[in-house]
Amino acid sequence: MTTPGKHYNYLFGPVPSRRLGRSLGVDLTPYKTCTLDCVFCQLGRTTVKTVTRDAYVPVADVQGEIKTWLGEGGEADYITLSGSGEPTLNSGFGEIIEYVHENSSIPVVLLSNGTLFWMPEVRESAANADIVKLSLSAWDSVSFEQVNRPHEDLDLDRVVAGQRVFRKEFSGKLWIEVFLIEGMNAASRDVERIAELVKTIEPDEVHLNTAVRPPAEDFVQPLSRERMEQLTDLFHPPAKIIAEFPLDKSAHIAATEETIMEMLQRRPCTARQIADVFGMHLNEVSKYLGKLSRSGRIGTRSMHDDTYYAAKGGKSE
Ligand code: SF4
């Protein structure tokens, strides 16, 4: 984990990931800089919607933090490029992948919305990752507009074509995540259309997700687990429903007020989720949350009969 008390600007975690065990996150964009403005985004609405690639975060500074973290004996199952927006918008993301490979044996994961893979330079940089996870939750321009609210220069056909080319070029593992929303893209016919498109990209795995955490828009409703299970076989290969983080992986992560705060700056969590991540008793978590609430650093939001805690004015994954 990032060292308690030590402040990193671009690294967070290791945080539990539904897909990746303990994952050290690397944040390559300022809060919320993205090519899309998905209605289901856990970060809230996009503040800078762009398709312009730039040095949003200085590569040398990120490399410096990774060097420090590794030097202090940092351990994680994966190093994951993701964070507060779309990581491939950072023109130096390929250099960061190379740096991790040159300086550690920890595999690199790129979590991307895949909208810039029609650019050869993005595909070339991404091809050095060990795992690339892309997202696809629409089947035509209308559903793309409704679900993902893309930048005006993005065209779904071109986006998907770029992902197909990448598949041919990339020898690592390619995953596609499909985010399903009740009443928007989850009718069987709609999911079949998404599945047809996903199949043309030939991913190694397909992951189904739904709004289990507070989304950008209140009208976004999750699917039930039973409904998700009915849909998995529409995909090729059959989709996996992304499971919650397994408890045992997190047992040795120590919690402090600051590590909990760091987690809540990345994404809203329930007290139960925090307890599972840190292997703590709920009562102990409540103590920390009470203190953070009283000092005004976190707030709460209710959803699906659960209370979610989030940092005030901060970021979330
Ligand atoms: S879910 Fe991902 S791709 Fe969609 S707006 Fe949020 S950060 Fe961007």
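Enquirer: What's the story with the nonpolar core in this structure? I'm lost.
Expert: It is characteristic of soluble globular proteins that their nonpolar side chains tend to be buried jointly. Membership of the largest hydrophobic core comes to 74 residues, with the highest contact counts inside it found for Leu81, Val132, Val178, Leu180 and Phe235. In terms of residues, this core owes the most to one element, helix H6 (residues 188-201), which gives six residues. Apart from the residues lying within four places of it in its own chain, the contact partners of Val178 are Leu136, Ser137, Ile194, Val198, Val206, His207, Leu208, Asn209 and Phe235. Residues Met263, Ile274, Val277 and Val285 belong to the second largest nonpolar core, which totals 17 residues.

Enquirer: Any chance you could explain the domain arrangement of the chain here in plain terms?
Expert: Much of the literature gives interface size as the accessible area that the parts lose upon coming together. Assigned domains within the chain: domain 1 (11-245) and domain 2 (259-317). Measuring from the centre of the C-alpha atoms in domain 1 to the corresponding centre in domain 2 gives 24 Å. Buried surface at the junction of domain 1 and domain 2, both sides included, amounts to about 1,700 Å², of which 52% is carbon and sulfur. Among the residues domain 1 hides against domain 2, the three largest losses belong to Pro16, Arg213 and Pro214. Together they make up 33% of the total.

Enquirer: Looking at this structure, I do not really get the pattern of salt bridges. What am I missing?
Expert: If the charged atoms of two oppositely charged side chains come close together, the side chains can form a pair. Evaluated as defined, the whole model comprises 16 salt bridges. The partner of Arg123 in a salt bridge is Glu169, with the nearest N and O atoms 3.1 Å apart. Here Arg123 is found in helix H3 (residues 120-126), whereas its partner Glu169 is found in helix H5 (residues 156-169), with 46 residues between them in sequence. Judged by relative accessible area, which is 10%, Arg123 ranks as buried. Overall, Glu169 belongs to the partly exposed group, its relative accessible area being 44%. A salt bridge links Asp204 to Arg167; its shortest N-O distance comes to 2.9 Å. Of this pair, Asp204 sits in the loop between H6 and strand E9 (205-210) while Arg167 sits in helix H5, and the two are 37 residues apart along the sequence. We classify Asp204 as partly exposed; its relative accessible area is 38%. Each of Asp37, Arg45, Arg149 and Glu217 takes part in one network of salt bridges that share partners.

What counts and how
- Residues numbered from 1 in each chain as written.
- Predicted model: local features only at pLDDT ≥ 70, side-chain atom pairs only at ≥ 80, totals over all residues.
- Heavy atoms only, no water.
- Core = buried A, V, L, I, M, F, W, Y, C linked by side-chain atoms within 4.5 Å.
- Buried < 20%, exposed > 50% of the residue type's maximum accessible area, 1.4 Å probe, protein only.
- Helix = DSSP H or I, 4+ residues; strand = E, 2+ residues; numbered from the N terminus.
- Contact = heavy atoms within 4.5 Å.
- Domains from an automatic or database assignment.
- Buried area = accessible area lost by both parts, 1.4 Å probe.
- Salt bridge = Lys/Arg side-chain N within 4 Å of Asp/Glu carboxyl O.

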